[in-house]
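Below are the chains, spelled out letter by letter.
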Amino acid sequence: MTGALHEECGVFGVYAPEAYPIAGTVYYGLYALQHRGQESCGMVICEDGLFSSCKDLGLVSEVFSREKLARLPEGRMAVGHVRYGTTGRTNRANCQPIEINHQKGRLALAHNGNLSNAWELRSALELTGAIFHTTSDTEIIAHIVTRERLASPSIEEAVSRAMGRLEGAYSLVLMSAAKLIAVRDPHGFRPLCYGRTPEGRYLVASESCALQAAGATLERELLPGEILVFDENGVHSRREHCGKTAPRICAFEYIYFARPDSVIEGQPVHAARLRAGAILARRHPVEADVVVGVPDSGLDAALGYARQSGIPYGMGFVKNRYIGRTFIAPGQGERVNQVRIKLNPVRETVEGKRVVLIDDSIVRGTTSGQIVSLLREAGAREIHMRISAPPFLNPCYYGTDIDSRENLIACRHTPEEIAKLLGADSLGYLPAEDLGELTGCPGYCAACFDGQYPTPVPENTQKDRFELPLSQSQKNRREPSATE
């Protein structure tokens, strides 16, 4: 039960009819998306075709000081990004947006997701002379789009041709000297939407909460496979990649990733989590005195459980808002320490009580065991743990950093055994067959739960596969047979 589980990234873009202090809009948008990435962040601004950027490791409030924002120029377009690295280590070179200079102009690119064929694509590009400066798969997309642009009449046509080579999850915001382009992969694994401000500015974001934070009203979500182009002539949609595959939005967006005030595939996330709690109450009823949730994503499900069961809802924990999520800590020792720093149980709520404890997931069990211990120390008489997701049983290749079955506690133990290991009196997961009711949409990806992958399983799945020494990298590549 070691290692770290990472989540998503967040992308943001702005297209305005006139130049204005655009950095402030990007700042507010990225701040609202901070929950999707806390390793690094960045923005690139286009001012009459000239790009200016600010990128670094750290939170939005740390990287973009008042002084740095003031030094950034006005502009009509901008792209922003917050990052968790699911491919490539955490360093300044991997900060996004990525900037490319090529014969036909400039390009800035921000990416949310993970390419399942990244290894094959990068190997092929390197063999034709491509030089990579980062170890993220985002640069692979930039290389392919750039090569297609050299033989295409427009940047949007280049993007469309590049999509024919990309497999896996990618929600993109690209910026050329004259256009802003939003792209969602044909499966629609990751969310992407756009809105408009009263001033006529268009905003693109991973989640609708960022549009609202930056002063825009949601227009709609991009369709899976859609290319949306913003330029001086307005908004244009290209849909040649739409409808080729069934939609597969990540079910974990509803359970954990997205903010509860966002809308994903037309479904309010808050309502989805309430449904998760209600499902748990029906599937795993128990006699108890109080229902509590683990902040933050467990709170809505706890409220849903309480409403369905009739058991009173209580505030079981106070959360310290000034540290990152425990399940992104780089090692087990740090994770254990962060739980105690981050969460304080409310003794008045749980002392002497039979407690239903709602959390969004159990990955390795380390954090969950610590949370149960906190409640025991606060005097809880019984602890019945309920999880608003099915058990993690498989790696994810689409942007959630679950890359090894050996680190997943549900692969080695039954729910009864896990409950004993955690120190809980009982444990109940949300059944995988109820995910459709939770999400409220017919098409979703639950491969990390059920192993049904929408795309071919990648040949090389190492998170640091692009950071191996060249000799080792060559060894890992499949040698061609004598008949090839």
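About the criteria used
Residues numbered from 1 in each chain as written. Predicted model: local features only at pLDDT ≥ 70, side-chain atom pairs only at ≥ 80, totals over all residues. Heavy atoms only, no water. Helix = DSSP H or I, 4+ residues; strand = E, 2+ residues; numbered from the N terminus. Buried < 20%, exposed > 50% of the residue type's maximum accessible area, 1.4 Å probe, protein only. Contact = heavy atoms within 4.5 Å. Areas by Shrake-Rupley, 256 points an atom, 1.4 Å probe, with all protein chains shown as cover. 1 Å grid on protein atoms, 1.4 Å probe; cavity = no way out; pocket = protein on both sides within 12 Å on 5 of 7 lines; lining within 4 Å. Points joined across faces, edges and corners; volume = space filled by probe spheres on them. Nonpolar A, V, L, I, M, F, W, Y, C, P; charged D, E, K, R; others polar. Polar contact = N/O pair within 3.5 Å; in protein donor to acceptor, adjacent residues only side chain to side chain. Pairing = 2+ DSSP bridges. Axes fitted to C-alpha atoms, helices over the stretch in contact; angles between N-to-C directions. Parallel < 35°, antiparallel > 145°, perpendicular 65-115°, else oblique. Left-handed = near helix turned anticlockwise from the far one by under 90°.

**Student:** Whenever I open this one, the overall build of the chain confuses me. Can you help?
**Tutor:** Helix and strand content of the chain: 17 helices and 23 strands. Out of the 484 residues belonging to the chain, those deemed buried represent 60%. A separation threshold of at least 6 residues defines the contact pool for the chain, and within that pool the share at least 24 residues apart is 69%. Of the roughly 18,900 Å² of accessible surface on the chain, a fraction of 50% belongs to carbon and sulfur atoms.

**Student:** Hey, could you run me through empty space enclosed by the protein in this one?
**Tutor:** The gaps left among the atoms become clear once a water-sized probe is rolled over them. Under the definition given, this model contains three cavities of 30 Å³ or more. For the second largest cavity, the calculated volume is near 110 Å³. Lining the second largest cavity are 15 residues, with Cys-250, Cys-396, Thr-400, Cys-445 and Cys-448 sitting closest to its centre. Of all the elements, helix 16 (residues 447-450) adds the most residues to the lining of the second largest cavity, at three residues. Looking at the lining of the second largest cavity residue by residue, the class counts come to 13 nonpolar, one polar and one charged.

**Student:** Is there a simple way to explain the side chain of Ser-297 in this structure?
**Tutor:** Tracing the sequence through the fold places Ser-297 in helix 10 (residues 297-309). A distance of 2.6 Å separates the side chain of Ser-297 from the side chain of Asp-360, its partner in a polar contact.

**Student:** Explain the sheet that holds strand 17 (residues 290-293) to me, please; I cannot follow it from the model alone.
**Tutor:** The pairing of strands in a sheet comes from backbone hydrogen bonds and takes either a parallel or an antiparallel form. Taken together, the four strands give an open sheet; going across it, the order is 17-20-21-22, and neighbouring strands pair in parallel fashion. In this open sheet, the two strands that pair with only one neighbour each are strand 17 and strand 22 (426-429). Taken over all neighbouring pairs, the strand axes of this sheet differ in orientation by 20° on average, direction set aside. In the sheet, strand 21 (residues 382-387) pairs with strand 22 via four bridges, with the strands oriented parallel. From the neighbouring strand, Ile-387 faces strand 22, where its bridge partner is Tyr-429.

**Student:** What should I look at first to understand the pairing of strand 13 (residues 234-238) in this one?
**Tutor:** If a strand is regular, its side chains alternate between the two faces of the sheet. Of the strand pairs in this sheet, strand 12 (residues 227-231) and strand 13 are connected by five bridges, and their pairing is antiparallel. Looking at strand 13, one finds that Val-229 is bridged to His-236. Counting the residues that bridge the hairpin from strand 12 to strand 13 gives two residues.

**Student:** Hey, could you run me through the pairing of strand 9 (residues 193-196) in this one?
**Tutor:** Both strand 9 and strand 11 (residues 217-221) contribute to a ladder of four bridges, which runs antiparallel. The residue of strand 11 that forms the bridge with Tyr-194 is Arg-220. Hairpin remark: strand 9 followed by strand 10 (residues 202-205), antiparallel, with five residues in the connecting loop; positive phi at Gly-200, about 85°.

**Student:** Can you walk me through the packing of helix 4 (residues 118-127) against helix 5 (residues 138-149) in this structure?
**Tutor:** How two helices pack is summed up by the angle between their axes together with the distance between the axes. At a minimum axis separation of 10 Å, helix 4 and helix 5 run at an interaxial angle of 55°. Here helix 5 runs oblique to helix 4, going by the angle between their axes. Judged by the sense of rotation from one axis to the other, the crossing of helix 4 with helix 5 is left-handed. Touching Ala-118, Leu-121, Arg-122 and Leu-125 of helix 4 are Ile-140, His-143, Ile-144 and Arg-147, all from helix 5. Here the residues of the contact of helix 4 with helix 5 sort into five nonpolar, one polar and two charged.

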